[in-house]
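# A structural walkthrough
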There are 2 protein chains.
Amino acid sequence: MESRCENCIIRQFNSLRAMSKEELQQVSDSKVTKKVKKGEHLFEEGEKLNGVYCVRNGVSKLSKLSANGKDQIVKLATKGEVIGQRSVISEEHTNLSAIAVSDMEVCFIPKESINHTLQKNPNFTLEVLRHMAHDLKEADDVIVNISQKTVKQRIAEAFLYLKNNFGEDEEGFLALTLSREDISNVVGTATESAIRIISEFKKNGLIHTSGKRIGIKNERKLLEMVEGF
Amino acid sequence: MESRCENCIIRQFNSLRAMSKEELQQVSDSKVTKKVKKGEHLFEEGEKLNGVYCVRNGVSKLSKLSANGKDQIVKLATKGEVIGQRSVISEEHTNLSAIAVSDMEVCFIPKESINHTLQKNPNFTLEVLRHMAHDLKEADDVIVNISQKTVKQRIAEAFLYLKNNFGEDEEGFLALTLSREDISNVVGTATESAIRIISEFKKNGLIHTSGKRIGIKNERKLLEMVEGF
DNA sequence: AACAATAACTGATAAATGTCATATTTTTAA
DNA sequence: TTAAAAATATGACATTTATCAGTTATTGTT
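Basis of the calculations
Residues numbered from 1 in each chain as written. Chains lettered and ligands numbered in written order. Predicted model: local features only at pLDDT ≥ 70, side-chain atom pairs only at ≥ 80, totals over all residues. Heavy atoms only, no water. Near = heavy atom within 4 Å. Polar contact = N/O pair within 3.5 Å; in protein donor to acceptor, adjacent residues only side chain to side chain. Helix = DSSP H or I, 4+ residues; strand = E, 2+ residues; numbered from the N terminus. Nonpolar A, V, L, I, M, F, W, Y, C, P; charged D, E, K, R; others polar. Expected span 1.5 Å × (residues − 1).

Chain A is annotated in an unreviewed UniProt entry as Crp/Fnr family transcriptional regulator of Flagellimonas nanhaiensis.

## Details of the protein's contact with DNA strand C
In the vicinity of DNA strand C, 15 residues are found, and the nearest of them are T189(A), S193(A), R196(A), R180(B) and S199(B). Put simply, 56% of the atoms of DNA strand C that lie within 4 Å of the protein are in sugar or phosphate. With respect to DNA strand C, the side chain of R196(B) contributes an N or O atom lying 3.0 Å from a base nitrogen. Between a phosphate oxygen of DNA strand C and a side-chain N or O atom of S199(B), the distance comes to 2.7 Å. Looking at the surface near DNA strand C, the elements that each hand over two or more residues are α7 (191-203) of chain A together with α6 (180-187) and α7 (191-203) of chain B. Among the residues forming the surface near DNA strand C, the class breakdown is 3 nonpolar, 5 polar and 7 charged.

## What to know about helix α5 (residues 151-166) of chain B
Look at α5(B): 22 Å from first C-alpha to last across 16 residues, which is about the 22 Å you get at 1.5 Å a residue. One or two residues past the end of α5(B) sits G167(B), with phi positive at roughly 75°.

## Brief notes about the protein's contact with DNA strand D
Around DNA strand D, a shell composed of 15 residues is seen, among which R180(A), S199(A), T189(B), S193(B) and R196(B) lie nearest. Here a phosphate oxygen of DNA strand D sits 2.8 Å away from a polar atom, N or O, in the side chain of R180(A). Take T189(B): an N or O atom from its side chain is 2.3 Å from a phosphate oxygen of DNA strand D. Mapped onto the surface near DNA strand D, the elements with two or more residues apiece are α6 (180-187) and α7 of chain A together with α7 of chain B. When residues in the surface near DNA strand D are grouped by element, the largest group, 4 residues, is from α7(A). A per-class count over the surface near DNA strand D returns 3 nonpolar, 5 polar and 7 charged.

And the structure:
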């Protein structure tokens, strides 16, 4: 038997915590838990979503394909985050693809459960609104970063972001391992450029690597680089 | 005597339309109408907002100062849009400055009126949520554009955007005249680069200019440029 | 109308970044 | 375990974009 939303700790981190006991029961009855392997899609750009995904475990990249065939990663969503809200709320096709960058466990919640609560429970709606306001602020920050910072600064920032949001493993490597291509797609640059800068960082003792894994060696210097010294 | 929100046509374009008659009366009683001259601030980055601004007339740029001293314009807000919602909702200081790029008339609505309705009227909250979802989608698009398109493409796109959103005057110039610096800040490039490309567009017959005013001459070619031909 | 102040423009050059070609390493799967 | 595939890495070069310096045009003010 599957676990119930009412007891799910993940809920504490997202807007579902503003649901009443009854609403939560209804969500729990209608939800479906799925396992998504690294590299698999949750959904693709342009799809019509019939619900949202609540992330129990693992990480998904939200990305958009540009005209020149390159992906831009707009956000990395992890444990406790709800994916697909925007598209369900505005009843539009998704503008982003969601692909697992590590093995994931997600709960699919049909949109009916969400929409119903959105119309009846202002606390829930307000909570969702607050989350979206936060996402919007972050998106604005990304815009400013991409247009005003150098690739080097953005890569340094990405590593610090990865450390702060996903932590490090026992050996001191970033817990979330992204391919060089994914890194370049987060930062918005050519893969070769990203690789070159990673090599440079390694040479200068800012980071160390082992295969595709990256560990931060000199956080202070990385921070200074982001700030523009 | 001032005009009442209940009769304001602007309201049809924004989330205020989801308010009940009583709520709207309350908003109308507490609102203050202000005139803001071109170049003046509505508010500055980092300020704490005590309410939102409903734009009756004119245009405001929402921008963020980057570490290297350049502004990045994240959005142009015009008639019918509500500015400052995000910050009021998440009860944070603003992350953006709002400066009038043309003479404006705005209504300042104290946050109490907004917050009260947000907690009581799920329709209103949902409406605000939909608007924010839309803004978030647009922000994602901007991210992809900035990181994947060339400056030339982005400037072409900006001109088309200005035409579609603000129209043209009788003489065939874009109705919203931005300084070259503002254009470069929308696009995320150096002012000189923007000017250079504007000259090139003029030379190639894509646009014509008169002082700082810009008129679109060959929309089809601009569009093709945006698409990457 | 004349002046100062500001904005628009242009050229020369430097710096950053992208592209293509190819070598090397790591990962995957037979 | 080993071959094939995929990812990472590096060099050479082209292109794009930024920067600095200086000129011309426009705008606003007395």
